[in-house]
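# Chain and residue survey
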Amino acid sequence: MTYHPITRLLHWSMAVLIFANGALAWLAEDAERPLKGTLFFWHKSIGVLLLLLIVVRILMIRRHPAPPYGDNIAPRDIRVHKIISHLLYLLMVLVPVAGYLLVDAAGGKASLFGLFSLP
């Protein structure tokens, strides 16, 4: 059971970025200015990047679906795996969107490392 190399790269890149972004938010909460602003800039930029990457990852599923399940896996386990996977994908979309809405409601800007700002 092997996944497409690009799917694996997206998976591990996103995993590292998600944990790094959580750490940035945690560190920024207690930081003093101007470090706090810098940490939140990176946090928001990584959030925008993660949102773009999850769109790419979802599109990749159509071209490179997951390999079939083994014969030794119970149907119940397959259903649980699919439910959890769908919930994780939903969270990977909803969390950055919720962050963007919070930033927008506070009158802030979210950008991709300063290259472009979200409307």
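Structure: see above.
A brief report on the enclosed structure follows. Worth saying up front: this structure is predicted, and the values here are computed from it rather than measured. For every chain, the first residue of the written sequence is number 1, and numbering continues from 1 along that sequence. Owing to the predicted nature of the model, reporting of local features is limited to residues with pLDDT of at least 70; listing and counting of side-chain atom pairs is limited to 80 or more, with chain, interface and lining totals taken over all residues. Hydrogens and waters are ignored; side-chain quantities use all the structure's heavy atoms.

## As for the overall build of the protein
Helix and strand assignments come from DSSP, with helices taken as H or I runs of at least 4 residues and strands as E runs of at least 2, each series counted from the N terminus. Secondary structure summary: the protein contains three helices and zero strands in total. Since a compact globule built from 119 residues should have a radius of gyration of about 14 Å, the 17 Å found for the protein marks it as more spread out than a globular shape. In terms of its C-alpha atoms, the protein occupies a principal-axis envelope of roughly 55 × 25 × 25 Å. Buried residues are those whose accessible area, probed at 1.4 Å on protein chains only, stays under 20% of the maximum for their type, while exposed residues exceed 50% and partly exposed ones sit between those limits. The buried share of the protein, reckoned over its 119 residues, is 23%. Accessible surface computed for the protein: about 8700 Å², of which carbon and sulfur atoms make up 71%. With 11 positive and 6 negative side-chain charges, the protein shows a spacing of 11 Å between the two charge centroids. With C-alpha atoms as the basis for the radius of gyration, the globule rule is written as 2.2 Å multiplied by the number of residues raised to the power 0.38. For the area figures, the Shrake-Rupley method with a 1.4 Å probe applies, and any residue is considered shielded solely by the protein chains shown. Note that His is not counted, nor are the chain ends; the positive residues are Lys and Arg, and the negative ones are Asp and Glu. For this purpose, a charge sits on NZ of Lys, CZ of Arg, CG of Asp or CD of Glu.

## Quick look at the nonpolar core
Throughout this description, the term nonpolar core refers to a set of buried Ala, Val, Leu, Ile, Met, Phe, Trp, Tyr and Cys residues connected via side-chain atoms within 4.5 Å. Residues Met14, Leu17, Leu39, Ile46, Leu50 and Leu53 are the most contacted members of the largest nonpolar core, which totals 13 residues. Counting residues per element, the ones that place at least two in this core are helix H1 (5–30) and helix H2 (35–63). It is H2 that contributes the most residues to this core, six residues altogether. The contact criterion used is simple: two residues touch if any of their non-hydrogen atoms lie within 4.5 Å. Excluding anything up to four places from it in sequence, isoleucine 46 contacts Leu17, Asn21, Leu24 and Phe113.

Any functional reading would require information beyond the geometric quantities listed.
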